[in-house]
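# Descriptive analysis of the structure
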Amino acid sequence: MSNIKDSIKKFKANDYEADLVNLHIHTKYSDGEADFLDIIRQAKVNGYNAISITDHNTVQGYIDNSELPDFVITGVEFDVWYKYIFVHLLAYGIDVNAVCMKKFYATDKRGTEKDIIRFFSKRNIKELIEAIHQAGGIAVLAHPACCWAIDADKFIKDLKDIGLDGVEIYYPYPRWRKFMKFAPLETIEQAADKYGLIKTGGTDLHGKVLD
């Protein structure tokens, strides 16, 4: 876990803003339009230093394509609830074959792409974070400004207390999320700094062209 955390901590705001790092990408393995290997090809051609393909509730893309370049960080985005708050939790650097993770993956394609099925997830967030750590990875809160928390600072602290490692800060809030922010981004970043969480970023790409 320390290796992946240290690696991601090295990335700064400029790395994300200059399109050198993108740690939030979806492909056809969930609800994206892009081919898994084509995203990696685009990243190589465009000189990315690091990317992570984070399909919803599945790592099948990594299992099917095991020989990947070093700039690819394994990733997955889980749907999970914390009390009354629906959460998207990113896992980075996990061993995709770890037995402890298997019960958290979708059992069919609908669980990777159908919003209504994903919304009714029964994953336990504390157990999920513990499994992510056991599998050698780190847990990062995705697009936190869109989480339905009454008090964003307390929400992030509570997640930190059960093992959260990081918060997605460098994120463009595309599509409907640009209109559905429940907390200012400044509040989120202040909380990340206050509680010693690493800061990550990505575009939440669902299209065919890496941006």
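The structure displayed is predicted, hence computed values, not measured ones. Every residue gets a number counted from 1 within its own chain, in the order that chain's sequence is written. Given that this is a predicted model, residues contribute local features only at a pLDDT of at least 70 and side-chain atom pairs are listed and counted only at 80 or more, while totals for whole chains, interfaces and linings are drawn from all residues. Here the side-chain values reflect all heavy atoms present in the structure, with hydrogen atoms and water set aside.

### Here's the deal with the overall build of the protein
Segments assigned H or I by DSSP are reported as helices when at least four residues long, segments assigned E as strands when at least two residues long, and all are numbered from the N terminus. When helices and strands are tallied, the protein shows nine helices and seven strands. Viewed in the frame of its principal axes, the protein has a C-alpha envelope of about 40 × 35 × 35 Å. Relative accessibility under 20% of the residue-type maximum defines a buried residue, over 50% an exposed one, and the middle range a partly exposed one, all with a 1.4 Å probe and only protein chains included. Counting every position in the protein, which comprises 211 residues, the buried fraction comes to 54%. In what follows, a contact means two residues having at least one pair of non-hydrogen atoms within 4.5 Å. Put simply, of all contacts in the protein between residues at least 6 apart along the chain, 73% involve residues at least 24 apart. Note that accessible areas follow from Shrake-Rupley with a 1.4 Å probe, and for residues the cover is restricted to the protein chains shown. A total of about 10,000 Å² of accessible surface is found on the protein, and carbon and sulfur atoms cover 53% of it.

### A look at the pattern of salt bridges
Close approach of charged atoms lets side chains of opposite charge pair. Salt bridges are counted wherever a side-chain nitrogen of Lys or Arg sits within 4 Å of a carboxyl oxygen of Asp or Glu. Within this structure, the stated rule accounts for nine salt bridges. Between D165 and K5 there is a salt bridge, with its nearest N and O atoms 3.2 Å apart. Of the two residues, D165 sits in the loop between α8 (152–161) and β6 (166–170) while K5 sits in helix α1 (residues 2–9), which places them 160 residues apart along the sequence. Overall, K5 belongs to the partly exposed group, its relative accessible area being 24%.

### Structural notes on unusual backbone geometry
Unlike most non-glycine residues, N57 shows phi in positive territory, near 60 degrees. For N57, the position within the fold is in the loop between β2 (50–53) and α4 (60–64). Even without glycine at this site, H143 takes up a positive phi of about 25 degrees. With respect to the secondary-structure elements, H143 resides in the loop between β5 (138–141) and α8. For H143, a relative accessible area of 4% corresponds to the buried category.

### Thoughts on the nonpolar core
If you look at the biggest cluster of nonpolar residues, it comprises 68 residues, and the most contacted ones within it are I8, L89, M101 and F155. When residues in this core are grouped by element, the largest group, six residues, is from strand β4 (residues 85–92). With near-sequence residues (within four places) excluded, M101 lies in contact with F78, I94, L128, A131, I132 and A135. Definition used in this section: a nonpolar core is a set of buried Ala, Val, Leu, Ile, Met, Phe, Trp, Tyr and Cys residues joined via side-chain atoms within 4.5 Å.

### Examining α8
Taken as a whole, α8 has its buried residues at A152, F155, I156, D158 and L159. Along the long axis of α8, the arc covered by the buried residues comes to 160 degrees, so they all point the same way. In this structure, the buried side of α8 is in contact with β3 (75–82), β4, α7 (125–134), β5, β6 and α9 (185–194). N or O atoms closer than or at 3.5 Å make up a polar contact, with two conditions inside protein: a donor-capable atom paired with an acceptor-capable one, and, for residues adjacent in sequence, both atoms drawn from side chains. Where α8 begins, the capping side chain belongs to D151, and its oxygen is found 3.2 Å from the backbone nitrogen of D153. Just past α8, the residue G163 takes up positive phi, approximately 120 degrees. For this quantity, the arc is that covered by the directions from the helix axis to the C-beta atoms.

### Quick look at the environment of F36
On the secondary structure map, F36 appears in helix α3 (residues 36–45). A relative accessible area of 2% places F36 in the buried class. Here the alpha-carbon distance between F36 and D55, two residues 19 residues apart in the chain, equals 9.8 Å. Ignoring sequence-local partners within four residues, the contact set of F36 consists of T27, Y29, I53, D55, G61, Y62, N65 and L68.

### Some remarks on the side chain of E77
Mapped onto the elements of the fold, E77 is located in strand β3. Excluding residues that lie within four positions of it along the chain, E77 makes contacts with H24, H26, T54, D55, H56, N57, H88, L89, L90, A142 and H143.

### A word on the packing of aromatic side chains
Pairing of aromatic side chains here covers Phe, Tyr and the six-membered ring of Trp, requires ring centres within 6.5 Å, and sorts the geometry by plane angle: under 30 degrees stacked, over 60 edge-to-face, intermediate tilted. With the rule as written, the count across this model stands at nine aromatic pairs. On the numbers, 6.5 Å between centres and 90 degrees between planes, the contact of F11 with Y16 is edge-to-face. With respect to burial, F11 and Y16 carry one shared label: buried. Members of the aromatic cluster, each reached through a chain of ring pairs, are F11, Y16 and Y170.

### Some remarks on the sheet that holds β3
Strands in a sheet are paired, the pairing made by backbone hydrogen bonds, and the direction either parallel or antiparallel. Only strands joined by at least two bridges in the DSSP assignment are considered to pair. Across the sheet, which stays open at both edges, the five strands sit in the order β3-β4-β5-β6-β7 with mixed pairing between neighbours. The two strands at the open ends of the sheet, each matched to only one other strand, are β3 and β7 (198–201). On average, each strand axis in the sheet is inclined to that of its neighbour by 40 degrees, with strand direction left out of account. Where β5 and β6 come together, two bridges link them in parallel fashion. Bridge pairing in β6 places V140 opposite G166. Fitted lines through C-alpha atoms give the axes, limited to the stretch in contact for helices. The angle between two N-to-C directions lies from 0 to 180 degrees. α7 rests against β3, β4 and β5 of the sheet, and its axis sits at about 5 degrees to β4.

By themselves, these observations are geometric and do not establish any function.
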